[in-house]
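Descriptive structure summary
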Amino acid sequence: MEIIYSLNGYSREKELYLALGNFDGIHRGHQAVIRSAVSRARSGCGAAGALLFDPHPSVLLHPERPFCLLTGMEERSALMAELGLDYLFVEQFTAETASMSPEEFIRGILLHKFKISGVSIGDDYSFGRGGSGREDLMQDYGKNLGFTVTVSPMEKAAGIVISSSAIKKLLAEGAVERAALL
């Protein structure tokens, strides 16, 4: 897997299917989104990638809240490579990025810089200023602008919806074995 730290350094050679999410740890929900992008890419002789913002958006958007990642960059990239990604795009998250409307994100980042053929998202994915873009908006833009949108439903384990915040909560409570299930 190639790690690309500047979107300006990427030149598309194949159709690109991009997994979108925060990916602060590669839990089972994140794995489903990534596997979906890999599957779409392989079925169409394309390439699979994931977009990761660094620092995590919460660090900039909510500096008053304590924040920690589930896994560091080195471990996350290794786990993503094991899932079959061709590319990991690490883009700096800035105030400018945070202020983009959903349309600016789709047109300026996904279509202009990546020239995507499709995206893979979780059904709780949000994008654009204030997280105002959701699955339905991504689906609409996909239909109107010619890219596919694959949505992975939220995964569950032991009756718990798998999310980074659920895992962090279990860890804080000392429920390490339950957290490991997620």
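In the block above lies the structure referred to throughout.
Here the structure is a predicted model, which is why all the values come from computation and not from measurement.

**Observations regarding a nonpolar patch on the surface**
Together, Met1, Ile3 and Tyr5 make up a nonpolar patch on the protein surface, roughly 290 Å² of accessible area in all. Checked against the element boundaries, Met1 lands in the segment before strand 1 (2-4).

**Side note on the layout of surface pockets**
Estimated volume of the largest pocket: approximately 1,100 Å³. Around the largest pocket, the lining comprises 43 residues; the ones closest to its centre are Gly21, Asn22, His56, Ser58 and Ser126. The residue inventory of the lining of the largest pocket, partitioned by class, reads 19 nonpolar, 18 polar and six charged. In the lining of the second largest pocket, the residues fall into six nonpolar, four polar and two charged.

**What about the environment of Val33?**
Its place among the elements puts Val33 in helix 1 (residues 28-43). In the structure, Val33 is positioned 88 residues away from Ile121 in sequence and 5.7 Å away in space, judged by C-alpha atoms. For Val33, the contacting residues outside a window of four places in its chain are Ala19, Leu20, Phe23, Ser120, Ile121, Gly122 and Ser152.

**Quick look at the pattern of salt bridges**
Applying the stated rule across the entire model yields three salt bridges. In this structure, the salt-bridge partner of Arg42 is Asp86, at a minimum N-O distance of 3.0 Å. One end of the pair, Arg42, is in helix 1; the other, Asp86, is in the loop between helix 3 (73-82) and strand 4 (87-92), and 44 residues separate them in sequence. Looking at Arg42, the relative accessible area reads 41%, which means it is partly exposed. Its relative accessible area of 27% is what places Asp86 among the partly exposed residues.

**Section: unusual backbone geometry**
Working note: non-glycine residues mostly have negative phi, and peptide bonds are mostly trans. With an omega of 0 degrees, the peptide bond running from Asp54 to Pro55 counts as cis. Turning to its location among the elements, Pro55 is positioned in the loop between strand 3 (47-54) and helix 2 (57-61). One non-glycine residue, Phe23, lies in positive phi territory at about 45 degrees. If you trace the backbone, Phe23 turns up in the loop between strand 2 (16-20) and helix 1. Looking at Phe23, the relative accessible area reads 0%, which means it is buried. Backbone geometry places Lys115, a non-glycine residue, at a positive phi of 55 degrees.

**Observations regarding the sheet that holds strand 6 (residues 148-152)**
What links the strands of a sheet is backbone hydrogen bonding, and the strands pair in either a parallel or an antiparallel sense. A sheet is described by the order of its strands in space; here six strands give the open sequence 1-4-3-2-5-6, paired in parallel fashion. The open sheet terminates on both sides in strands that have one partner only, identified here as strand 1 and strand 6. Taken pair by pair, the neighbouring strands of this sheet meet at an average axis angle of 25 degrees, ignoring direction. Contacts between helix 1 and the sheet are confined to strand 2, strand 3, strand 5 (118-122) and strand 6, with strand 2 contributing the most and set at about 175 degrees to the helix.

**A short note on the packing of helix 5 (residues 102-113) against helix 6 (residues 135-145)**
Running from N to C, helix 5 and helix 6 point in directions that differ by 50 degrees, and their axes come no closer than 11 Å. Classified by the interaxial angle, the pair formed by helix 5 and helix 6 is oblique. Our pair here, helix 5 against helix 6, has a crossing hand that is right-handed. Taken together, the residues of helix 6 that come into contact with helix 5 (itself represented by Pro102, Glu103, Ile106, Arg107, Leu110 and Leu111) are Leu137, Met138, Tyr141 and Leu145. Grouping the amino acids of the contact of helix 5 with helix 6 by side-chain chemistry returns eight nonpolar, no polar and two charged.

What counts and what doesn't
Residues numbered from 1 in each chain as written. Predicted model: local features only at pLDDT ≥ 70, side-chain atom pairs only at ≥ 80, totals over all residues. Heavy atoms only, no water. Patch = residues over 30% accessible without salt bridge, like charges linked within 9 Å, V, L, I, M, F, W, Y side chains within 5 Å. Areas by Shrake-Rupley, 256 points an atom, 1.4 Å probe, with all protein chains shown as cover. Salt bridge = Lys/Arg side-chain N within 4 Å of Asp/Glu carboxyl O. Helix = DSSP H or I, 4+ residues; strand = E, 2+ residues; numbered from the N terminus. 1 Å grid on protein atoms, 1.4 Å probe; cavity = no way out; pocket = protein on both sides within 12 Å on 5 of 7 lines; lining within 4 Å. Points joined across faces, edges and corners; volume = space filled by probe spheres on them. Nonpolar A, V, L, I, M, F, W, Y, C, P; charged D, E, K, R; others polar. Contact = heavy atoms within 4.5 Å. Buried < 20%, exposed > 50% of the residue type's maximum accessible area, 1.4 Å probe, protein only. Pairing = 2+ DSSP bridges. Axes fitted to C-alpha atoms, helices over the stretch in contact; angles between N-to-C directions. Parallel < 35°, antiparallel > 145°, perpendicular 65-115°, else oblique. Left-handed = near helix turned anticlockwise from the far one by under 90°.

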